[in-house]
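Letter by letter, the chains look like this.
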Amino acid sequence: MSTDPEIDPETDPNVDPEIDRASWGARMDAGSTTSDRLPRRWRNALRPIFTTEHRVIGIEYLVLSLVAVAAGTVLSLVMRIHLVWPELAVPFFGQVKPEDYLALVTMHGTLMVFFVLTTAPLSGFANLVVPEQLGASRMALPTLNAVSFWMTAGALLILLAAFAVPQGAPISGWTSYPPLSAVAAAGPGQALGMDLWLASLTVFCLASWLGSLNLLATILNERCEGMTLMRLPLTVWSWLVASLLVLISFSVLLAALLLLFSDRHYGTSFFIPAGDLVAGHVRSRGDGSPLLWLHLFWFFGHPEVYIAVLPGMGITSSLLANFSRRPIAGYPMMAMTTVLIGLLGLVVWGHHMFVSGMNPYAGTAFALTTMAIAVPSTAKVLSWLATIWGGGLRLTTPMLFSLGFVSLFIAGGLTGPVLAQPALDAYLHNTYFVVAHFHLIMAMAGVFSIFAGVYYWFPLMTGRLMNGTLGKLHFWITLIAAYGAFFPMHFAGLAGEPRHYSQLSGTTPLLENLLPLQRGITFSAVILASAQLIFLANLLWSIMRGEVAPPNPWQATTLEWAPSMARIVKTSTSGLDPSASKFHQNIACRAPYEYGLRPNGLDFIMQCDPNTKAE
C-alpha cells in the first residue's frame, strides 16, 4: 500500500485504486488544508497562484516583466514608425493620430519604468537569490511576498485595461503633469483612461511597499551565522538600498496620486491654479499649483532611476569579479558608494525643474548635489575597471552583458553633468537629448543587467545552461543596435527637436531636415527589437533542450551556488518537500569574492568554505 501523500490513486498507474483510495483519502482528510484535498492536477495548476516560495515568485516577477517589456516594445515601434512615416497605417493600430501618439508615449513609459526596470531587477532577481545569498531558506514574510506579486500583476492588468475603455489610454505622459492630467475633459484618454492609470500606479506603489518591507526584513533578520554586513554580496547591498528608496520615494508618489485623484473627483484643487482655462472652461474652484506635483513626482522620479540601476550595479560588480577571477577592487568602498548614491538620489529632484521658474539659489543647490553623485558613480566605474584589469577574463554571455552595462552606464552618464547645469538644461530640457541620456543610462544599462542576470542565474531556475552561441549573437546585435538607436538622439536634441512631437513634417517643417536622422534611429530600433527574438528562442530552447548545468557552473563564491543551498532550491521549487528549513544552514566564513590562484589548485573559495585558507 502506498504511503506517499503525493501519489494519487486515481491517476497513478502503479497504485491499485481499490486498495489505496481509502487510505489516501483518509490521509488527505486528516490534518490537510482545503487546497490539499483538491485533485492533484488542480493542486499543480493552483500551486503557482498560492505559492509563497520565493524562487517561484521571483520567476513569476520575471515573466510579468517579460510581458510588460514585449508590450512596451511594440508600442515604441509603432511610435518610431509613425514618426518617420506619419501617413502609414500601422497594422492593428491604423492611422496614428497625434493623441494616439501621446497615448503610446504614456503607456510605453509607464510599462517600462514601473513594470520592467523596477520590477525585474529588484523584485524578480531579489526573490530569486536573496535568501540563498544570505544563507537562509526563505523570505522573512513569505505570505506578504506573494500578496505583493499578485498586487503587481493586478496593477499591470489595470494599466493595460486603459486601452479598452472609451477614449482609450491617457495622453499625459508617464509624468502626468497637471493641470491637464487633473481635468477629465482635457483631452482623449483623460477620463476613465487616466483614472485607470492612477489606480494602476496606486496599487503598484502599495505592492512595491510590501515587497520592500519583506526584502528589508529578510536582509536584516534572516542572515546566516557569520554573514555580517561587510560580508554581504554587493547584489544584496544594492537591493537593501533600493528597498529603502522604494519605501521613501513611493510613499511620496502614493500621496501625489491620491491628491491628483482627489482633484479629479472630489472638488479639491491641490494642483489646479485659480482661473486656469482648460478645454474652454475656466477652473476656479481653488488656487493650487502644478509645481506641487512636480516636486512630489520628481522626489519619487529621481530615486526611481537608482531603484532601477543600483541592482544592475550590484549584479555587474559580482559578475565582473566572477568572470575576471579577481576580487572586487575596494569592496568596502563599493558598499559605501551604493549607500551614498542612494542618499544623494533623495536630494537632487530639483534638477528636473530648472525651467519651472525656481529660485536660482535653489537651482544652484540642486546642480551641486547632482554633480556630487558623479563622485560615487565614478568610483564604481574605476572599481569595475580595476577589477577586470589584468584578470583572466572569461567572455561568457553574462560577462559580455555586464561589460555592456559598464559601457552604456559610462556613455549615458557622461551627459548627466551636462543636464545638471541650469544654463545648458534651459536649452536641452524636454528635447531628444534628454531621451538619449535616460535611455542609455537607465533603460539600456538596466536591460543589459537584466539580461546578464537571466543568463547567469538561468541554471538555478531550470537546471540548464542557455546556449552560449545564441547568447553572444544576441549580445552583439543588441549592443550595436542600442547605440544606433539612442546615441544619435543626442544630435536630434542638440538640433532642438522636442521629445513629444508626433511628426516632423506638415505643421512643423522646421524639423524636416531631421527626418533622415530619425529614419536611421528607427531602423536601429527595429533591429534592436528583432534581436530580442534570438533571446526568446534561446530561452525556450534552453528550457527544454539546454545543456544540463553542473553544480556551480560559473565557479562562483556566493552562497546561492553552495551545495546545501542547491538542495533547498530543488525541494522548494519542485514542491517535493516544502519544509526546507530542516536542511543544514550555511555559515558565512569569509568575504563574498575570494577569487585568484589558491594552493589547492582552485581559483576561488566559496563563502561557506571553512577549511581553505586564502593566500
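As the structure is a computational prediction, the values presented were derived from the model and not from experiment.

What counts and what doesn't
- Residues numbered from 1 in each chain as written.
- Predicted model: local features only at pLDDT ≥ 70, side-chain atom pairs only at ≥ 80, totals over all residues.
- Heavy atoms only, no water.
- Axes fitted to C-alpha atoms, helices over the stretch in contact; angles between N-to-C directions.
- Helix = DSSP H or I, 4+ residues; strand = E, 2+ residues; numbered from the N terminus.
- Parallel < 35°, antiparallel > 145°, perpendicular 65-115°, else oblique.
- Contact = heavy atoms within 4.5 Å.
- Nonpolar A, V, L, I, M, F, W, Y, C, P; charged D, E, K, R; others polar.
- pLDDT = per-residue confidence, 0-100.
- Buried < 20%, exposed > 50% of the residue type's maximum accessible area, 1.4 Å probe, protein only.
- Polar contact = N/O pair within 3.5 Å; in protein donor to acceptor, adjacent residues only side chain to side chain.
- Phe/Tyr/Trp six-rings, centres within 6.5 Å; stacked < 30°, edge-to-face > 60°.

Moving on to the packing of helix H8 (residues 290-324) against helix H9 (residues 331-345). Taken N-terminus to C-terminus, the directions of H8 and H9 make an angle of 170°; their axes are 9 Å apart at the nearest point. Between H8 and H9, the crossing angle belongs to the class labelled roughly antiparallel. In contact with His302, Pro303, Tyr306, Leu310, Met313 and Ser317 of H8, H9 contributes Met334, Thr338, Ile341 and Gly345. A breakdown of the residues in the contact of H8 with H9 according to their chemical character gives six nonpolar, four polar and no charged.

In this fold, Ala525 is placed in helix H17 (residues 515-545). In the structure, Ala525 is positioned 445 residues away from Arg80 in sequence and 7.9 Å away in space, judged by C-alpha atoms. Discounting residues that sit within four places of it in the chain, Ala525 has contacts with Leu77, Arg80 and Ala485.

A separate point is the confidence of the model for the protein. Summarising the model, the protein shows a mean pLDDT of 87, and 88% of its residues fall at 70 or more. Segment residues 566-584: pLDDT under 50, and 21 contacts once partners within four positions in sequence are set aside and those in other chains are kept.

It is worth spelling out unusual backbone geometry at this point. Put simply, Pro178 and Pro179 share a cis peptide bond, and its omega is 15°. Take Pro179: it is sitting in the loop between helix H5 (142-161) and helix H6 (192-221). Positive phi outside glycine occurs at Gln167, with the angle close to 75°. Positionally, Gln167 belongs in the loop between H5 and H6. For Asn430, which is not glycine, the phi torsion reads 60° and is therefore positive. Within the fold, Asn430 resides in the loop between helix H13 (422-428) and helix H14 (432-462).

On to the side chain of His302, then. Relative to the elements of secondary structure, His302 occurs in helix H8. The buried category is assigned to His302, whose relative accessible area is 8%. In this structure the side chain of His302 is engaged in a polar contact, spanning 2.9 Å, whose partner is the side chain of His352. Ignoring sequence-local partners within four residues, the contact set of His302 consists of Gly345, Val348, Trp349, His351 and His352.

Here we come to the packing of aromatic side chains. Tallied over the full model, the rule gives 38 aromatic pairs. Summarising the aromatic geometry, the rings of Trp174 and Trp298 are spaced 6.1 Å apart at their centres and angled 90° between planes, so their arrangement reads as edge-to-face. Taken together, the positions of Trp174 in the loop between H5 and H6 and Trp298 in helix H8 put the pair 124 residues apart, joining distant regions of the chain. As far as burial versus exposure is concerned, Trp174 and Trp298 are alike and both buried. The interplanar angle of 55° and the centroid separation of 6.4 Å between the aromatic rings of Tyr331 and Tyr593 together place this pair among those described as tilted. Within this pair, whereas Tyr331 is found in helix H9, its partner Tyr593 is found in the loop between helix H18 (563-574) and strand S5 (594-595), the two being separated by 262 residues in sequence.

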